[in-house]
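# Structural characterization, general
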Amino acid sequence: MSRLLDVAGLTVDFRGQRQGWVKAPPVRALSDVALHVDSGEIVGIVGESGSGKTTLGRAILGLIRPTEGSIHFEGTPLVGAPPKQMRAVRRRLQAVFQDPTSSLNPSMTVGAAIAEALALHGIGTREERPARVAALLERVGLPASAAARYPRMLSGGQRQRVGIARALAVEPALIVADEAVSALDVSVQAGIVNLLSDLRDELGLAMLFVSHDLSLVGYFCDRVVVLYLGRVMESGPVDAIFAAPRHPYTRALIDAAPAIDPAQRSTATAPLRGDPPSPMAPPSGCVFRTRCPHAIARCAEVVPPLEGPAEGHRAACIRQDELTSANHQEFVPS
Amino acid sequence: MSAAAPILDVRGLTVDFAAADGGTIRALHGIDLTLTPGETFALVGESGSGKSVTNLAIMGLLARNARVGGEVRLEGVGDLLALSSRAMGAVRGGQIAMIFQEPMTCLNPVQTVGAQIGEAVRRHRGGSRAQVQAAVIEALAEVEIPDPERRARAYPHELSGGMRQRVVIAMALACQPRILIADEPTTALDVTVQAQILRLLARLRRERGMAVLFITHSLAVVAEIADRVAVMYGGRIVEQARTAELFGHTRHPYTRGLLESLPVPAARGERRLRTMPGQVIDITRPPPGCAFGPRCALRIEPCDEAPIPFFPVTPDRASRCLRWAEL
């Protein structure tokens, strides 16, 4: 497998809102984030509101300029890349967003919207394009006749399929999917998830799958990156993270997710207290310590490094060894 | 259904909307449900299933182009559908309180949350200024808002989404309702905050002996909170059972389809998610037989001929499927 995407030390600051004459300090949305995606791999980005998961996706797509850090795509640096180079990269790096209604032009037929993507990247001739559009629609499970329809004539699930067809049109290597199935009913969501799985298996497509839905990420992704307040809390293979989370926040997220299977339901542990703090005033040291049932004085002093027993599975918690090893019971807050 | 006498008894509830072409569109086809004190009853369904219309019809909050039929009997009051709008106004927020998905829609952005809860307290219980103020602090403490004296002086925008939902719950409870209707109350919240609110609702229900009608799209949330559950599709209840029994062994193909379409980490790499063929029913053109029939793998000829009755499976559960026994 080859390395497709490499993100290192990514930091994004947003300008603070002015309060009258007082200029507010910048808000740090992402802080020193590192991750990579290999070809054909599905990497999940999980986090709650304010975790920075959407900002991360947008920075990778070049929609936000990072304050610090680097983003390499197929070896090409993206931060500060000239527009011409970005355009070439964009053909290999596509996006699917949550709300297909807002990302499709309501006055353009589905066929025209997909053909536009082909034309922008100079793919095929004008005569060849309708056949390509038809093939793409069929690829995503829509009839070729859908090309003549307007977005409003389609259901939410069908519109999301159009969004995927348009992303696929330019033959990307990586798709950033930001909550791409979150707005859909479960029975419709299942079809889109199956479609994305097939595209990975058949085209070797890699995905950065941004989601708040932990069960879905656990089902669909190969690796997971857990974000909290702009920092990576834990990253590693899905199986390892679900079976033996090394960070108290990951453990809390897994416990908080409602489950149908009574065996998976944890009634023993109390849910996390409070809400995530404001990104405008993040806690010192470990950003999770204000809600962590295991926080000690030292957690306020140092920003915990991302480390772990295996290169692939790492957590940013100074107590991860004592909390996960021998004395497993201690992980359950009293 | 349950041993205790129901506090709310809904019988044959129908809703018809006047359509632009002069005809009518039936959104609810005769809903029967009962709610007993101290229980949480969940209505679960996908978009367009009729779960929120059921809530609005019970509360008399549908738009004027809706015609509501059937009976909604509230114990000690009678048929709510026959009440004057003034009498119904006293029931709403008095005997029956509601909370919704988006707490900001229920909160006044230019009034402190203490003033808003105080208004609810004054209207339903009265009392002196000091008594109202004390009741407000107590209400905020009961929904586990830390530092209630200070929070009472906060405006809604100064609070997080989870805090706002707690404030709305405090307002809803200020009038000591016998029934709480919660329409997707945790859908807009983060998962760790959702877990807190579900626990809070379960505790309040237990302590106050309130009945809760919980409306949600999430089967997992139903499994966490409900004693009994009704699954809706196309304006009908298609299956009803005790929660553990429904998830243990479903007796309707639609419920089964929903459960198999849920992603669970344990199934990774082992199975594809189940999808249901076809589209969600178009309620402007309902089929003559089973609403789910056109998408159902078990469909046989009689399914398409006439509406399917609600078959009692046990005294406690029922299924609107001709072939329930084979499932």
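This one's a predicted model, so the numbers in the text were calculated from it and none came from an experiment.

## What to know about the overall build of chain A
- Helix and strand counts for chain A come out as 11 helices and 12 strands.
- Taken over the C-alpha trace, chain A has a radius of gyration of 21 Å; the compact-globule value for 334 residues is 20 Å, and the two agree within 12%.
- Each principal axis of the C-alpha distribution contributes one length, and for chain A these read about 70 × 55 × 45 Å.
- Summarising the internal contacts of chain A: among those between residues at least 6 apart in sequence, 64% fall at separations of at least 24.

## Focus: the overall build of chain B
- A count of helices and strands for chain B gives 10 helices and 12 strands.
- On C-alpha atoms alone, chain B measures out to a radius of gyration of 21 Å, which is about the 20 Å that the 2.2 N^0.38 rule sets for 327 residues.
- When the backbone C-alpha atoms are referred to their principal axes, chain B occupies close to 70 × 50 × 45 Å.
- Scored against the burial criterion, the 327 residues of chain B give a buried share of 45%.
- Relative to all contacts within chain B whose residues are 6 or more apart in sequence, the contacts with residues 24 or more apart total 62%.

## As for the environment of Asp13 of chain A
Residue and element names in this part refer to chain A.
- As for its placement among the helices and strands, Asp13 is situated in strand 1 (residues 3-14).
- Asp13 gets classed as partly exposed once you count the C-beta atoms within 10 Å, which come to 16.
- As for Asp13 and Thr67, which are separated by 54 residues in sequence, their C-alpha atoms are 6.0 Å apart.
- If near-sequence neighbours (up to four positions away) are discounted, Asp13 is found in contact with Pro26, Val27, Arg28 and Thr67.

## Let's talk about the interface of chain A and chain B
- Chain A puts 30 residues into the contact, and the matching count from chain B is 36 residues.
- Elements represented by at least two residues in the side of chain A that touches chain B include exactly helix 7 (186-203), helix 8 (214-220), helix 9 (238-243) and helix 10 (248-256) of chain A.
- Across the side of chain A that touches chain B, the residue classes tally to 18 nonpolar, 8 polar and 4 charged.

## Observations concerning the domain arrangement of chain B
Residue and element names in this part refer to chain B.
- Annotation of chain B at the domain level lists domain 1 (8-95 + 178-326) and domain 2 (108-176).
- Placing the centre of domain 1 and that of domain 2 at their C-alpha centroids yields a distance of 31 Å.
- Taken together, the contact pairs 11 residues of domain 1 with 10 residues of domain 2.
- With 5 residues, the top contributor of residues to the side of domain 1 that touches domain 2 is helix 7 (residues 191-208).
- Tallied by class, residues from the side of domain 1 that touches domain 2 come to 8 nonpolar, 3 polar and no charged.

## Regarding the sheet that holds strand 5 (residues 78-79) of chain B
Residue and element names in this part refer to chain B.
- In space, the 4 strands of this open sheet follow the order 2-1-4-5, with antiparallel pairing throughout. Two strands close off the open sheet at either side, each with one partner strand: strand 2 (24-35) and strand 5.
- Here 9 bridges tie strand 1 (residues 8-18) to strand 2, and the two strands are oriented antiparallel to one another. If you follow Val10 over to strand 2, its bridge partner there is Leu33.

## Structural notes on helix 6 (residues 156-168) of chain A
Residue and element names in this part refer to chain A.
- The end-to-end C-alpha distance of helix 6, which contains 13 residues, comes to 18 Å, matching closely the 18 Å that a straight helix rising 1.5 Å per residue would cover.
- When you tally the buried positions in helix 6, you get 12 out of 13 residues, the bulk of the element.
- Residues Gly157, Gln158, Arg159, Gln160, Arg161, Val162, Gly163, Ile164, Ala165, Arg166, Ala167 and Leu168 constitute the buried set of helix 6.
- Of the surrounding secondary structure, the elements contacted by the buried residues of helix 6 are strand 6 (93-96), helix 3 (100-103), helix 4 (110-120), helix 5 (129-139), strand 7 (174-178) and helix 7.

## Digging into the UniProt feature "domain: ABC transporter" (unreviewed entry) in chain A
- Following the UniProt record, the feature "domain: ABC transporter" (unreviewed entry) maps to residues 2-254 of chain A here.
- Structurally, residues 2-254 of chain A comprises 37% helix and 26% strand, and the distance from its first C-alpha atom to its last is 31 Å.

## A few points about the packing of helix 3 (residues 113-125) of chain B against helix 6 (residues 161-173) of chain B
Residue and element names in this part refer to chain B.
- Running from N to C, helix 3 and helix 6 cross one another at 20 degrees; their axes reach a closest spacing of 8 Å. The angle between helix 3 and helix 6 falls in the class roughly parallel. Crossing angle aside, the handedness with which helix 3 passes helix 6 is right-handed. Contacts from Val113, Gln116, Ile117 and Ala120 of helix 3 reach helix 6 at Val167, Ala170 and Met171.
- Along the lines of polarity and charge, the residues of the contact of helix 3 with helix 6 split into 6 nonpolar, 1 polar and no charged.

## Details of the UniProt feature "domain: ABC transporter" (unreviewed entry) in chain B
- Under the feature "domain: ABC transporter" (unreviewed entry), the UniProt entry names residues 10-259 of chain B.
- Secondary structure within residues 10-259 of chain B divides into 39% helix and 26% strand; the distance between the first and last C-alpha atoms comes to 27 Å.

## Points about the pairing of strand 9 (residues 223-228) of chain A
Residues and elements named next belong to chain A.
- Summarising burial for strand 9: 6 of the 6 residues are buried, a large majority.
- The side-chain alternation of strand 9 yields two buried faces, one formed by Arg223, Val225 and Leu227 and the other by Val224, Val226 and Tyr228.
- Linking strand 9 to strand 10 (residues 231-237), which pair antiparallel, is a turn of 2 residues; within it Leu229 sits at a positive phi near 50 degrees.

## Things to note about helix 1 (residues 53-60) of chain A
All names here are of chain A.
- Judged by how many residues are buried, helix 1 sits mostly within the fold: 6 of 8 residues are covered.
- Those residues of helix 1 lying buried are Lys53, Thr55, Leu56, Gly57, Ala59 and Ile60.
- Count one or two residues on from helix 1 and you reach Gly62, which has phi positive near 80 degrees.

## Some words on the packing of helix 6 of chain A against helix 7 of chain A
Residue and element names in this part refer to chain A.
- Where helix 6 meets helix 7, the axes come as close as 9 Å, and the angle between the chain directions of the two elements is 20 degrees. Taken together, the axes of helix 6 and helix 7 are roughly parallel relative to one another. Along this stretch, helix 6 crosses helix 7, giving a crossing that reads as right-handed. Along the contact surface, helix 6 presents Gly156, Gly157, Gln160 and Ile164, while helix 7 presents Val188, Gly191, Ile192 and Leu195.
- Grouping the amino acids of the contact of helix 6 with helix 7 by side-chain chemistry returns 4 nonpolar, 4 polar and no charged.

## Details of the nonpolar core
- The biggest cluster of nonpolar side chains holds 188 residues, and the ones touching the most others in it are Leu174, Met207, Leu208 and Phe209 of chain A together with Ala170 and Ile179 of chain B.
- It is helix 6 of chain B that provides the largest number of residues to this core, a total of 8 residues.
- With residues near it in sequence (within four places) discarded, Ile179 of chain B still touches Ile7, Leu8, Leu35, Gln95, Ile96, Met210, Ala211 and Leu213 of chain B.

## Digging into the confidence of the model for chain B
Residue and element names in this part refer to chain B.
- Scored by pLDDT, chain B has a mean of 92; 99% of the residues are at 70 or more.
- Looking at the elements of chain B, mean pLDDT is at its lowest for helix 3, recorded as 90, and at its highest for strand 3 (residues 40-44), recorded as 98.
- Note on the complex model: pTM 0.90, ipTM 0.86.

## Thoughts on the domain arrangement of chain A
All names here are of chain A.
- Per the domain assignment, the segments of chain A are domain 1 (3-92 + 172-331) and domain 2 (107-169).
- Between domain 1 and domain 2, the contact holds 10 residues from the first and 8 residues from the second.
- For the side of domain 1 that touches domain 2, the element with the highest residue contribution is helix 7, accounting for 4 residues.
- Counted by class, the side of domain 1 that touches domain 2 contains 8 nonpolar, 1 polar and 1 charged residues.

What counts, and at which threshold
- Residues numbered from 1 in each chain as written.
- Chains lettered and ligands numbered in written order.
- Predicted model: local features only at pLDDT ≥ 70, side-chain atom pairs only at ≥ 80, totals over all residues.
- Helix = DSSP H or I, 4+ residues; strand = E, 2+ residues; numbered from the N terminus.
- Rg over C-alpha atoms; globule rule 2.2 N^0.38 Å.
- Contact = placed C-beta atoms within 7 Å.
- Buried ≥ 20, exposed ≤ 12 C-beta atoms within 10 Å, placed from the backbone.
- Nonpolar A, V, L, I, M, F, W, Y, C, P; charged D, E, K, R; others polar.
- Domains from an automatic or database assignment.
- Pairing = 2+ DSSP bridges.
- Expected span 1.5 Å × (residues − 1).
- UniProt positions renumbered as here; feature names shortened; annotations may be inferred.
- Axes fitted to C-alpha atoms, helices over the stretch in contact; angles between N-to-C directions.
- Parallel < 35°, antiparallel > 145°, perpendicular 65-115°, else oblique.
- Left-handed = near helix turned anticlockwise from the far one by under 90°.
- Core = buried A, V, L, I, M, F, W, Y, C linked by C-beta atoms within 7 Å.
- pLDDT = per-residue confidence, 0-100.

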